[in-house]
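# An overview of the molecular structure
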Amino acid sequence: MALTENQLLNKWVEDMARMCRPEDIVLINGSEEQKKKLTEEACATGEIIQLNQELLPGCLYHRTAANDVARVEHLTFICTKLKDDAGPSNNWMSPEEGYRRAGEIFQGSMKGRKMYVIPFSMGPVGSPFSKIGVELTDSIYVVLNMLIMTRAGREVMEALGAGGEFTRCLHSQADLDENRRLILHFPEDNTIWSVGSGYGGNVLLGKKCLALRIASYLARKEMWLAEHMLILGIEDPTGRIDYIAAAFPSACGKTNLAMMIPPEGLKAKGYRIWTVGDDIAWMRIDTDGKLWAINPEYGFFGVAPGTNSKTNPSAVATVKKNTIFTNVVLNPDGTVWWEDGDGEPASEGALDWQGRPWKPGMKDEKGNTIKGAHPNSRFTAPFVQCPSHSFRIEHHHGVNISAIVFGGRRAHLAPLVYQAYDWSHGVYIGATMASERTAAQYGKQGEVRRDPMAMLPFCGYNMADYFEHWLRMGVRMRWQPQIFHVNWFRQDQNNGYLWPGFGENLRILEWILARCRGEVDARKTAIGFVPKLEDIDMTGLHLPKENMERLLEIDPKAWEVEMADIAEFFKKFGNRLPLELWAQHEDLKRRLEELGSGSALQPQPF
Ligand code: GTP
Ligand code: SPV
Ligand code: MN
């Protein structure tokens, strides 16, 4: 009997199975029954460990290979016919070479294993925003994660029908050898091939591979935006909800901001926060000329370390059931722990993320503390389990975006918040973003690198064209969102954070929304509009005034260095870079020179 009624799909599954040679092919239907059976199978082989079902009902535990704990940007490629179409910020391979090299690794890679066929929808099934993908994988861990992260199974098969289009996503963990690991995207063929990894963003192909790299390519063709952004709504006591979309690089605070709880001091104002998404936003201009956004995902794949009842109580509540924990500490009673989490790990019998006996305070030969959880350990949890989840997740048109916020980790330079003068200036601010590298990807941790719109690792085509696309989108909107830049991570001379972050960030969002509504004045500075100190509500937060001054300081000398680095970055794109961005660059340079010629370090009106 045919696998599905979609002949194109059947033929592709057949072709891929001929290459990978699985012992069986299983169609995922999304039923509880099938999920239970797969879980039991994975528990029997040890691939997955069932956690304490009394304390953590429905929760599972998994460890990835020690050499496979984050995205591998150096092994991630955009395979377009022309190298220039991938652009200078992406790794490129020709489609022929990509299929040939990965094909050799896929050859027989599923022998003795099953191939699971997962039909999934990014976005509500049937929404005009949504895209359907089908992932073939030999990993039950991937199946169970995809069942949380996406809408998957029968309902999607029905929406796909006999003749529907879908993104072909092929994954095999093969032998998990990093020398035989490749994450390949063929945007011109609507195809993704990922082999040799079992970790998150490399293998949950609906997420970064489809919903960002392939989707960004489609979005340019179809005149919309696919972005590495959280979406949250802020409801005031009158019931008005304003929505913000924010792009921060990996492990820079999207999940935390999306789930924030108003701080004690602002409680009296009666705000309510609605979480719409924590990682990806798909945005379209609707017939009203406004920008509307959906979250194409259906779950959270969040960073575990640092998550606790103080920093992110919503996340703590979200992961109490039906959650998969990856690379955290396993306690002997079948509970889990991670650094800067709640409570203490077991003093006896705990195992670290590699399955080795572990105790808090353990040191390696060099005297460095051994972490129990990997810094990029994660939880996978259903969206609707978040106490602040928005009912709008099911709306086919999503939510109207009032403000777009860019941000990153900058120990120095970038002030706590500033606002772009207009859309083009905002695009320049996004295009010139930079942040310190985190554990979410391989590479030197802490190094500042340019990460435009937090999309450096996720843009499926030439980023010069991507900037042009952003500029054009602005022209097409009748109501453009205001654009802002934030930095929660500015440090003092002792490397301490100057700003408390987390829930306190609402104070800054409050200013942002007040600016959007034109309710509050600001100081015009060289880099954009900066708040007047008295316009940030500090009720209940005892932060020295000097801190706030430092947080909003603009140092012309440091900006001079930054400008040179931005120019170097822009030059990589040659004459494909929109002239408008060079014009913005020259304008900023001139404004900074004017500021620099004064003696004060404080921003001056001009
Ligand atoms: P990805 O899932 O990798 O895209 O990351 P993300 O942007 O969702 O990052 P997340 O919210 O998970 O935060 C990553 C780390 O930053 C966690 O360890 C947080 O505790 C920490 N963090 C988040 N928000 C803040 C903040 O406002 N201030 C400070 N100091 N740390 C924060
Ligand atoms: C990120 O790295 O930005 C993530 C986690 O959100 S992953 O899905 O692994 O890409
Ligand atoms: Mn992310």
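Residues numbered from 1 in each chain as written. Chains lettered and ligands numbered in written order. Predicted model: local features only at pLDDT ≥ 70, side-chain atom pairs only at ≥ 80, totals over all residues. Heavy atoms only, no water.

## Focus on the site of ligand 2
As a matter of local geometry, ligand 2 sits amid 13 residues, with Arg 71, Gly 201, Lys 207, Lys 208 and Ser 250 nearest to it. Between an oxygen atom of ligand 2 and a main-chain N or O atom of Gly 201, the distance comes to 2.9 Å. For ligand 2, the protein covers 98% of the area, taking 280 Å² as the surface of the free molecule. Elements represented by at least two residues in the shell around ligand 2 include exactly helix H6 (200–203) and helix H7 (206–222). (Near = heavy atom within 4 Å. Polar contact = N/O pair within 3.5 Å; in protein donor to acceptor, adjacent residues only side chain to side chain. Areas by Shrake-Rupley, 256 points an atom, 1.4 Å probe, with all protein chains shown as cover. Helix = DSSP H or I, 4+ residues; strand = E, 2+ residues; numbered from the N terminus.)

## What to know about the domain arrangement of the chain
Looking at the chain, the domain boundaries give domain 1 (7–44 + 72–222) and domain 2 (227–297 + 392–604). Taken over C-alpha atoms, the centre of domain 1 sits 32 Å from the centre of domain 2. With 37 residues of domain 1 at the interface, the matching set in domain 2 holds 35 residues. Both sides of the domain 1 and domain 2 interface together cover about 3100 Å² of buried area, and 55% of this is carbon and sulfur. By the criterion of area lost to domain 2, the three top residues of domain 1 are Glu 73, Phe 129 and Arg 220, representing 25% of everything that side buries. Seen at the junction of domain 1 and domain 2, the total is 19 residue pairs in polar contact (both at pLDDT 80 or more). Per-element accounting of the side of domain 1 that touches domain 2 gives the leading share, twelve residues, to H7. (Domains from an automatic or database assignment. Contact = heavy atoms within 4.5 Å. Buried area = accessible area lost by both parts, 1.4 Å probe.)

## Observations regarding the nonpolar core
In this structure, Trp 282, Met 283, Ile 404, Trp 470 and Ile 512 are the most contacted members of the largest nonpolar core, which totals 139 residues. Residues lining this core come from more than one domain, with at least three contributed by each of domain 1 (7–44 + 72–222) and domain 2 (227–297 + 392–604). If we skip the residues at most four places from it in the chain, Ile 512 touches Ile 244, Ala 403, Val 405, Val 417, Phe 484 and Val 486. Grouped together as the second largest cluster of nonpolar side chains are 30 residues, Val 13, Ile 132, Val 134 and Val 156 included. (Core = buried A, V, L, I, M, F, W, Y, C linked by side-chain atoms within 4.5 Å. Buried < 20%, exposed > 50% of the residue type's maximum accessible area, 1.4 Å probe, protein only.)

## Description of the coordination of the manganese ion (ligand 3)
Every protein donor of the manganese ion (ligand 3) is accounted for by Lys 208 (NZ), His 228 (NE2) and Asp 279 (OD), and the metal-donor separations fall at 2.2 to 2.3 Å. Taken together, the six donor atoms coordinating the manganese ion (ligand 3) span angles of 69 to 173° at the metal, a pattern that classifies the geometry as irregular. Along the chain, the residues that donate to the manganese ion (ligand 3) are spaced as K-x19-H-x50-D. A residue pair is termed long-range when its members are at least 10 positions apart, and His 228 in the loop between strand S12 (225–227) and strand S13 (229–235) and Asp 279 in the loop between strand S15 (272–277) and strand S16 (281–285) qualify at 51 residues. On the accessibility criterion, Asp 279 (7% relative accessible area) is buried. (Donors = N, O, S within 2.8 Å, 3.2 Å for Na, K, Ca; no water. Tetrahedral: all angles 85-135°; square planar, octahedral: opposite > 155°, others 65-115°.)

## Comments concerning the pattern of salt bridges
The full count for this structure, using the stated rule, is 40 salt bridges. Here Glu 222 ties to Lys 131 by a salt bridge, and the two come within 3.1 Å at their closest N and O atoms. Taken together, the residues Glu 222 in helix H7 and Lys 131 in strand S7 (residues 131–137) connect sequence positions 91 residues apart. A relative accessible area of 18% places Lys 131 in the buried class. In this structure, Asp 242 engages Arg 517 in a salt bridge whose closest nitrogen and oxygen atoms are separated by 2.4 Å. Taken as a pair, Asp 242 in strand S14 (residues 241–247) and Arg 517 in the loop between helix H12 (506–516) and strand S28 (523–524) lie far apart in primary sequence, 275 residues in all. A relative accessible area of 30% places Arg 517 in the partly exposed class. Taken together, the salt bridges that share partners define one network made up of Lys 207, Lys 208, Lys 254, Asp 279 and Glu 297. (Salt bridge = Lys/Arg side-chain N within 4 Å of Asp/Glu carboxyl O.)

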